[in-house]
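Each chain, letter by letter, is given below.
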Amino acid sequence: VSTQSTGDSTAASAKREKRRLIQQRLSNVKLGVMRHLFVVLDQSQNMEDTDLKPCRFICLKRLTEGFIMEFYDQNPISQIGLIMGRNGKGYKVSELSSNINKHASIVQQQSGCEGQFSLFNTLQLAHKTLTGMPSYASREVLLIAGSLTSVDPRPIQEIITSMVEGNIRVSVIGLSASVQIFNRVAAATGGSYHVMLDEQHLQELLRFHCTPPTATPTMEPTLVKMGFPPHTSTGALAVCQCHVDEREKCELSTTGFTCPTCKSRYCEVPVECRLCSLTLVCAPHLARSYHHLFPLHLFKEVEMGMGDGRCAGCEGELSAGDGAVSYQCGECLKLFCYTCDLFIHDMLHHCPGCEGS
Amino acid sequence: VSTQSTGNPLNQVAVYGYLNTGVHMLHPTTDSTVVGECKSGKFEGFDQMNTQLVLNVRDVVLGCDEPEPHQAIDGSLLGAALLRALCYCNVTNKAVKSGHTLHTRILVIKGSPDGRGQYMTIMNAIFAAQKNKIAIESVVLGEESTYLEQASEITGGTYLRVSDHSALTQYLLSVFLMSIEFRKTFNIPPPNKVDFRAACQCHGTMLDTGFVCSVCMTVYCSFRAICQSCNAHFKLRTAVKKVKKTAGKRKLENGKS
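Analysis parameters
- For every chain, the first residue of the written sequence is number 1, and numbering continues from 1 along that sequence.
- Labels are handed out in written order, letters beginning with A for the chains and numbers beginning with 1 for the ligands.
- In keeping with the predicted nature of the model, local features appear solely for residues at pLDDT of at least 70, side-chain atom pairs appear and are counted solely at 80 or more, and the whole-chain, interface and lining totals rest on all residues.
- Side-chain measures were taken over the full set of non-hydrogen atoms in the model, leaving aside hydrogen atoms and water.
- Buried Ala, Val, Leu, Ile, Met, Phe, Trp, Tyr and Cys residues that are joined via side-chain atoms within 4.5 Å together make up what is termed a nonpolar core.
- Throughout this description, buried means an accessible area under 20% of the type-specific maximum (1.4 Å probe, protein chains only), exposed means over 50%, and partly exposed covers the range between.
- The contact definition used throughout considers only heavy atoms, calling two residues in contact when any of these lie within 4.5 Å.
- Within this document, salt bridges are pairs made up of a side-chain nitrogen of Lys or Arg and a carboxyl oxygen of Asp or Glu, the two lying within 4 Å of each other.
- Each helix corresponds to a stretch of at least 4 residues labelled H or I by DSSP, and each strand to a stretch of at least 2 residues labelled E; elements are numbered beginning at the N terminus.
- Scored between 0 and 100, pLDDT is the confidence that the predictor attaches to each residue.
- Two parts lose some accessible area (1.4 Å probe) when they are put together, and adding that loss for both gives the buried area.
- We call two N or O atoms a polar contact when they sit within 3.5 Å, provided that within protein one can donate a hydrogen and the other can accept it, with sequence-adjacent residues counted only if both atoms are side-chain atoms.
- Residue polarity follows a fixed list, in which Ala, Val, Leu, Ile, Met, Phe, Trp, Tyr, Cys and Pro are nonpolar, Asp, Glu, Lys and Arg are charged, and the others, Gly among them, are polar.
- A pair of strands counts as paired when DSSP detects no fewer than two bridges linking them.
- Between 30 and 60 degrees the pair is tilted, below 30 it is stacked and above 60 it is edge-to-face, where a pair is any two Phe, Tyr or Trp rings, Trp via its six-membered ring, whose centres lie within 6.5 Å.
- We call a charge positioned above a ring when the Lys NZ or Arg CZ atom is no farther than 6 Å from the ring centre and deviates by at most 35 degrees from the ring normal.

J.: I'd like a rundown of the nonpolar core, residues and numbers included.
T.: One finds Phe336(A), Leu86(B) and Met217(B) to be the most contacted residues of the largest nonpolar core, which totals 71 residues. Once you skip the residues sitting within four places of it in the chain, Leu86(B) turns out to touch Phe343(A), Leu348(A), Ile106(B), Ala125(B), Ala128(B), Ala129(B) and Ile134(B). Counting 29 residues, the second-largest nonpolar core is a separate cluster that includes Leu52(A), Phe67(A), Leu175(A) and Leu205(A).

J.: If you had to explain the pattern of salt bridges to someone new, which residues and values would you point to?
T.: Residue and element names in this part refer to chain A. Applying the stated criterion across every chain yields a total of 11 salt bridges over all chains. In this structure, Arg-35 and Glu-140 form a salt bridge, with 2.8 Å as the shortest nitrogen-oxygen distance. Linking Arg-35 in strand β1 (residues 35-42) with Glu-140 in strand β4 (residues 138-145), this pair joins segments that are 105 residues apart in sequence. When sorted by exposure, Arg-35 lands in the same class as Glu-140, which is buried. One salt bridge in this structure joins Glu-199 and Arg-62, with 3.4 Å as the shortest N-O distance. Pair noted here: Glu-199 is in helix α7 (residues 199-208) and Arg-62 is in helix α2 (residues 56-74), with a separation of 137 residues, a long-range link. Among the residues examined, Glu-199 registers a relative accessible area of 27% and is labelled partly exposed. What makes Arg-62 partly exposed here is its relative accessible area of 45%. Beyond isolated ion pairs, a larger network of salt bridges with shared partners links Asp-49, Asp-51 and Arg-56.

J.: Run through the confidence of the model for chain B, naming residues and quoting values.
T.: Residue and element names in this part refer to chain B. The share of residues in chain B with pLDDT of 70 or more is 54%, and the mean pLDDT across the chain is 67. Averaged over each element, pLDDT in chain B is lowest for helix α1 (residues 2-7) (46) and highest for helix α4 (residues 119-131) (87). The model gives residues 29-44 a pLDDT under 50, and that stretch makes 16 contacts with residues more than four places away or in other chains. Across residues 63-74 the pLDDT falls below 50, and counting only partners more than four positions away or on other chains, this stretch makes seven contacts in the model.

J.: Go over the interface of chain A and chain B, please, and point to the residues and values.
T.: Chain A puts 49 residues into the contact, and the matching count from chain B is 53 residues. Taken as a group, Leu223(A), Phe228(A) and Phe343(A) account for 16% of the area that chain A buries against chain B, more than any other trio of residues on that side. The shortest N-O distance in the salt bridge between Lys131(B) and Asp73(A) comes to 3.4 Å. Along the contact surface separating chain A from chain B lie seven residue pairs in polar contact (both at pLDDT 80 or more). Broken down by secondary-structure element, the contributors of at least two residues to the side of chain A that touches chain B are α2, β7 (223-227), α8 (283-287), α9 (290-293), α10 (338-348) and α11 (352-355) of chain A. At six residues, the largest contribution of residues to the side of chain A that touches chain B is made by α10(A). Counted by class, the side of chain A that touches chain B contains 29 nonpolar, 12 polar and eight charged residues. Across five bridges, the pairing between β7(A) and strand β6 (residues 209-213) of chain B is antiparallel. The residue of β6(B) that forms the bridge with Met226(A) is Gly210(B).

J.: An account of the sheet that holds strand β15 (residues 300-303) of chain A is requested, with residue identities and associated values reported.
T.: Residues and elements named next belong to chain A. Sheet architecture is open: three strands sit in the order β15-β18-β19, paired in antiparallel fashion. Here the strands that pair on one side only, and so sit at the sheet edges, are β15 and β19 (335-336). Pairing analysis gives two bridges linking strand β18 (residues 325-328) to β19, with the strands arranged antiparallel. Looking at the pairing, Tyr-327 lines up with Phe-336 of β19.

J.: Explain the sheet that holds strand β12 (residues 265-266) of chain A residue by residue, including any values.
T.: With antiparallel pairing, three strands are arranged side by side in an open sheet as β8-β11-β12 (chain A). The outermost strands of the open sheet, each flanked by one partner alone, are β8 (231-232) and β12 of chain A.

J.: Describe in detail the side chain of Ser138(A), supporting the description with residues and values.
T.: Residues and elements named next belong to chain A. Its place among the elements puts Ser-138 in strand β4. What makes Ser-138 buried here is its relative accessible area of 2%. Other than its neighbours up to four places away in sequence, Ser-138 contacts Gly-32, Met-34, Arg-35, His-36 and Met-219.

J.: Talk me through the packing of aromatic side chains; I want residue IDs and the actual numbers.
T.: To describe a pair of aromatic rings, you give the distance between the ring centres and the angle between the ring planes. Residue and element names in this part refer to chain A. In total, this model carries six aromatic pairs over all chains according to the counting rule given. With a centroid separation of 6.0 Å and an interplanar angle of 75°, the aromatic rings of Phe-71 and Tyr-72 are classed as edge-to-face. With centroids separated by 5.3 Å and ring planes inclined at 20°, the aromatic side chains of Phe-299 and Phe-336 adopt a geometry described as stacked. Placement of Phe-299 in the loop between α9 and β15 and of Phe-336 in strand β19 is noted, with a sequence separation of 37 residues between them. Neither residue differs from the other here; Phe-299 and Phe-336 are each classed as buried. Here the aromatic residues Phe-67, Phe-71 and Tyr-72 are joined through ring pairs into a cluster of three or more. Between Arg-86 and the ring centre of Tyr-91, over which it is positioned, the NZ or CZ distance is 4.3 Å.

J.: Can you explain the pairing of strand β4 (residues 135-140) of chain B? Please cite residues and give values.
T.: On a regular strand, one side chain projects to one face of the sheet and the next to the other, so that they alternate. Residue and element names in this part refer to chain B. The buried count for β4 comes to six of six residues, which makes it a mostly enclosed element. Alternating positions in β4 separate into two faces, Ala-135, Glu-137 and Val-139 on one and Ile-136, Ser-138 and Val-140 on the other, with burial throughout. Note: strand β3 (residues 105-110) against β4, six bridges, orientation parallel. Its bridge partner being in β4, Ile-106 is matched across the sheet by Ile-136. By the bridge criterion, three bridges tie β4 to strand β5 (residues 159-161) in an arrangement that is parallel.

J.: Could you give me a rundown of the environment of Leu52(A), with the residues and numbers involved?
T.: Residues and elements named next belong to chain A. Within the secondary structure, Leu-52 sits in the loop between β1 and α2. Since its relative accessible area comes to 4%, Leu-52 is described here as buried. Residues within four places of Leu-52 in sequence aside, it is in contact with Cys-59, Met-196, Asp-198, Glu-199 and Leu-202.

J.: Which residues make up the confidence of the model for chain A, and what values go with them?
T.: Residues with a pLDDT of 70 or more make up 88% of chain A, whose mean pLDDT is 82. Throughout residues 1-8 of chain A the model reports pLDDT below 50, and contacts reaching past four residues in sequence, or to other chains, amount to four contacts.

J.: Give me the lowdown on unusual backbone geometry, citing residues and values where you can.
T.: Residue and element names in this part refer to chain A. Cis geometry marks the peptide bond from Lys-53 to Pro-54, where omega comes out at -10°. Within the secondary structure, Pro-54 is located in the loop between β1 and α2. Look at Ser-277: it is not a glycine, yet its phi comes out positive at around 55°. Along the chain, the position of Ser-277 falls in the loop between β13 (271-272) and β14 (279-280). One non-glycine residue, His-349, adopts positive backbone phi at about 60°.

Quick look at the structure:
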């Protein structure tokens, strides 16, 4: 850890960490882009600890809302469901769906931590729903556990075997210490197990789960029938199907998305049509997943010699001298500064130099 | 460009030009060769800037050669220009002092038609702009551009198609000069219905319902055995035979008789 020439050490280690994470994303690997994910949150007595301010549960609620937003941004055609574990039982508070706002408001409404966490019951609840899902989509469970113990009616090995048979991948994020049983569940099902260090690390771990995992051999490639509904503002007067159960929000209108097969009206897409089970999407939703399938290669760190150059992205000056590095694209050999390199790999996923020639 | 800079001393403007051969930054440039005196009564700084801009545009246009006959022209490089503009916006946003906010917009003036090869680049640029709250506004001079329509819709900008080129300055001053919040109080042309349907990979026709490969997300109009882009093999789903119905009918006949 050097603190003199490269400036302050925390910035340098943050740089290295970011580049390592980008390098981990391999290319030419089949990914499971359509995902069905159950988020299991621990609501036991341990979650009232104050090591995360103000208390673990409140902090976790906030981070879970952020995670849900980011997840739908990266995987627009996927579905999330929510399970809470308290008093030795599992409670499914939200069914698998693509409705972001509904999930976020349900997370916000949860309160009160009591009892003990039960690994068996929460996983069994997730298992029941996920085995009914089609096989072309990935089936995942993300468990965020603060407790170090678990109360179970039957041996954990039983639920591990049924998860493996159902091709469900269980990943665990621990909040306190490393627990052997979580490690075993994650390893047996092909998921990952991490233990957080502090709030920022927890946020990064959650972000890690937003990227699609590699596809398992049991996921068969299928041609999924999808509808692309047009957005009309002068259609027939109709009630939208998303709010037909809620008396307050239910109203007649002419605007909305109309399902091509059964002509039912919806306010937002993506959604699964309630009448004909057709998945309704827009073309941009499919396009959001492209950058996972075609990731950008890492740029090479190049020592800057004498003579100034300009960054090919922002036209800013590239600093020359000892220790100053710029980043070079392997294809077009143009140089980029640190800010542009990060921006290109994080957001743009295309090299401006390669595209511009 | 002059009026934008006059509006507020803290406004910053950058201009990029793009063709099918490359993207060039027209303003601000590092090398200024204009030294002569300004003749009209304009503010000297603006006059220099305008002349420099015109000279740069002329250099770029004259500098591009006639394309070779075997090179296909796939539309000009809108995607690359958007990427570079976004990098510049990102760097200027980072350089802003804390406490100040910088609202950024990208205005695209487009004359050439859309190129199909640029689809992914443009979509990624649109999503990056949406995440960074940068609105993409567009003025289209030639034929309609579905890419820019979608870009403006997704990022919250305005799309305008101008048929009368001589009135371009008037359009720019009246519609695009103000920031987006102020524009709501003025009378601007309402946005059109944007078509967000997907086009099928084999014919390019817009689809109401289509088949999507679960691995690589390409859209097809009808069932096929192998995906063109990712070589995934698809199984044909066989129809479920109904056997129970005949057994039930037979039982009923037995019961009756």
